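Report on the structure
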Amino acid sequence: VQLQASGGGLVQAGGSVSLSCAASGRTFSSYSMGWFRHAPGKEREFVAAISRKSHTTYYTESVKGRFTISRDNAKNTLYLQMNSLKPEDTAVYYCAQRSTPRDLLSTSPSDYGAWGQGTLVTVSS
């Protein structure tokens, strides 16, 4: 499977960015998906996850109400809409696919077997 993330960039605090992740190589709709981020000097952090048919989503507390994860199985694409951005949201954002075709969401990177290359989001104050 290949995951290609895009959409990052430089944005002012309070602004919005939309990330996309195009998937190929495996049946996209069979796997739950997630977004993670890695900020300088910090460990990789779970951001959001979504079930196979979008019935269930889960967010880390710091982004609840500001970020929205979604997917379009017909387009094999995962999205992350990021609103009300803060400087502390600055990071490289990675999309990831669960290792096994399960609907159960996970916040653990070890449960994800495929990763995109990452896209940088920089939020200026």
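Scroll up to find the structure this text is about.
In short, a report on the structure. Starting from 1, residues in each chain are numbered consecutively following that chain's sequence as written. In keeping with the model being predicted, local features are shown solely for residues with a pLDDT of at least 70 and side-chain atom pairs are shown and tallied solely at 80 or more, while totals for entire chains, interfaces and linings include all residues. Each side-chain value is worked out from all heavy atoms of the structure, with water and hydrogens disregarded.

**What to know about the state of the cysteines**
To count as a disulfide, a pair of cysteine sulfur atoms needs to be within 2.5 Å. Going through the model one piece at a time under the given rule, you end up with one disulfide. A sulfur-sulfur distance of 2.1 Å marks the disulfide that ties C21 to C95. Its S-S torsion of about 65° marks the bond between C21 and C95 as right-handed, since a negative value means left-handed. Taken together, the residues span a long stretch of sequence, with C21 in strand β3 (residues 17-24) and C95 in strand β9 (residues 91-98) at a distance of 74 residues. One exposure class covers both C21 and C95, and it is buried. Going along the chain from the N terminus, every DSSP run of H or I of four or more residues is numbered as a helix, and every run of E of two or more is numbered as a strand. Per-residue accessibility, obtained with a 1.4 Å probe over protein chains only, is compared with the maximum for each type, and a residue is labelled buried under 20%, exposed over 50%, and partly exposed between these values.

**Some points on the environment of A48**
Looking at the secondary structure, you find A48 in strand β5 (residues 45-50). C-alpha of A48 to C-alpha of S70: the two residues are 22 residues apart in sequence and 9.7 Å apart in space.

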